[in-house]
Amino acid sequence: MNQELPKLIVQGLTGALKGLRLYPEGHPAIQRQLETLLGHLYTAFSGRDFVHLGLLEGTLFFEDYLFADANPAALELASLLEELELEGLEISSRVTATELAELVAILAAGDCKGPDFEARLAERQSTNIRAVVAQTRDELEEDPPPRQVYGRALKVVDNIFRDVRLGKIPSSREAQEVVKQMAQMTLNDPHALFALSLLKDYDNYTFTHSVNVSVIALAVGRACGLTEEELRTLGLGGLLHDLGKLKIDLTIITKPGRLTEAEFDQIRKHPRTGADIVSQMDGVTTEVIDIVLGHHLHYNRKGYPTDAQGRAVSALADMTAIADTYDAMTTLRSYQQPVTPRKAVKRLQEVSGTILHPVYLEKFITSLGTYPVGSLVRLDTNEIGLVVWVGSRHSEDVQLKILFDSDGEALDPPVRIDLSAHDVSRIVAEVDPFVRGIDVTDYFE
């Protein structure tokens, strides 16, 4: 990229900001500045779907150009981004002059920071400009709670899905950032995020399923002893594994009954379609593409797509297949009721060695314990409790939240108790939360 181009873009943006201090929105002088800025941006795109403007340790950058010198416009814009608690902006090649005008107006107002800035952009329907929110000092010093990380992953998937539906190749940057957090959290406490994979959204199955598969795949990978770097690759592949389904007729995806052979032929295409999309994304490795392509190939390699059956595929695809199957079994669908975590484990074992990798599956099941997180159980006292924690070293050590006392009365708040491996025999049965109308995720912090 011509090194003068980043300077022209930054000067154009700060020039429009200054113009708003002299003229009202929509003034011809500001419109001319924005049209010039848009022209420079279109030149910068030149084969790119996005360009990035932001801060690197307090210094402004545009794509690969760092404003290391004392450029007045760059210094002004860097100061403004810091003040608004933004790490930067991601601008799509589809951006319009109207969206640039909205951005400049929000920047100039300076009355919303961080997440509020994101919300203001959304209100003005600036879909081709995204704000990257800076972490606060407290967030940098403290680990974010699992629900916050899970929520961020949902938002990232939402953005990626939207781009694919619009026919654009999405950026992988935000996905890689959130997967890094998810991998670190899984290494520190393998069950913290896993509990949230019980969150299900029937109306947005593909959407939440993608995040849940990523979360569960990370638990599989940790059980198999993967490094943090390998976990990041696995988590990213899980997050992107079903992108190809976005190109299938929605009526087929949501059909409440058995698919016809022609309809299932369409379903069989989604791994290849997804792999084609992912292969065009920036920063995606061949192993991630393997995960997307091979998550339905099966351990015996007799699955689909058939043209990939003879191909050597990353072991991470087999780990993702375990996660994909587990989440599908435990999710309410139009054609099936969900099974409990313990029953899901039994069903996984039934296809071990054919559909699922037997060694990886056994390690995953061992890590879950006899009663996986999310299991609703009955004690020998007739109390009903929810397994909310399983020991990472001793999977028979569990923590329960007692939801109902021995007389069947609901406890508010629930009482937390510890059961060691010696006491776990106090659990006499598993209870189906679906039958009792209990949403177990209501009881996870």
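Structure's up top.
Basis of the calculations
Residues numbered from 1 in each chain as written. Predicted model: local features only at pLDDT ≥ 70, side-chain atom pairs only at ≥ 80, totals over all residues. Heavy atoms only, no water. Helix = DSSP H or I, 4+ residues; strand = E, 2+ residues; numbered from the N terminus. Rg over C-alpha atoms; globule rule 2.2 N^0.38 Å. Areas by Shrake-Rupley, 256 points an atom, 1.4 Å probe, with all protein chains shown as cover. Expected span 1.5 Å × (residues − 1). Buried < 20%, exposed > 50% of the residue type's maximum accessible area, 1.4 Å probe, protein only. Core = buried A, V, L, I, M, F, W, Y, C linked by side-chain atoms within 4.5 Å. Contact = heavy atoms within 4.5 Å. Axes fitted to C-alpha atoms, helices over the stretch in contact; angles between N-to-C directions. Parallel < 35°, antiparallel > 145°, perpendicular 65-115°, else oblique. Left-handed = near helix turned anticlockwise from the far one by under 90°. Nonpolar A, V, L, I, M, F, W, Y, C, P; charged D, E, K, R; others polar.

**Things to note about the overall build of the protein**
Step number 1: The helix and strand tally for the protein stands at 19 helices and 10 strands.
Step number 2: Taken over the C-alpha trace, the protein has a radius of gyration of 25 Å; the compact-globule value for 445 residues is 22 Å, and the two agree within 12%.
Step number 3: Dimensions along the principal axes, computed over C-alpha positions, put the protein at roughly 75 × 55 × 40 Å.
Step number 4: Approximately 20,700 Å² of the protein is accessible, and the part contributed by carbon and sulfur atoms is 48%.

**A look at helix α11 (residues 228-240)**
Step number 1: Over its 13 residues, α11 runs 18 Å from end to end, which matches the ideal 18 Å to within 8%, given 1.5 Å per residue.
Step number 2: Residues Leu-231, Thr-233, Leu-234, Gly-235, Leu-236, Gly-237, Gly-238, Leu-239 and Leu-240 constitute the buried set of α11.

**Digging into the nonpolar core**
Step number 1: The biggest cluster of nonpolar side chains holds 94 residues, and the ones touching the most others in it are Met-182, Leu-240, Leu-243, Val-278, Tyr-326 and Phe-364.
Step number 2: Apart from residues no more than four positions distant in its own chain, Leu-240 is found in contact with Ile-160, Val-278, Met-281, Val-288 and Val-292.

**Brief notes about unusual backbone geometry**
Step number 1: In the segment running from Tyr-304 into Pro-305, the intervening peptide bond is cis, with an omega of 5 degrees.
Step number 2: For Pro-305, the location among the structural elements is in the loop between α15 (286-294) and α16 (315-329).
Step number 3: Looking along the chain, the bond that leaves Asp-412 and enters Pro-413 is cis, with omega of 5 degrees.
Step number 4: Relative to the elements of secondary structure, Pro-413 occurs in strand β9 (residues 410-419).

**Considering the packing of α11 against α16**
Step number 1: Running from N to C, α11 and α16 point in directions that differ by 55 degrees, and their axes come no closer than 10 Å. Comparing their axes, α16 and α11 come out oblique. For α11 against α16, the interelement crossing comes out right-handed. Between α11 and α16, the residues in contact are Glu-230, Thr-233, Leu-234 and Gly-238 and Leu-316, Met-319 and Thr-320, respectively.
Step number 2: Here the residues of the contact of α11 with α16 sort into three nonpolar, three polar and one charged.

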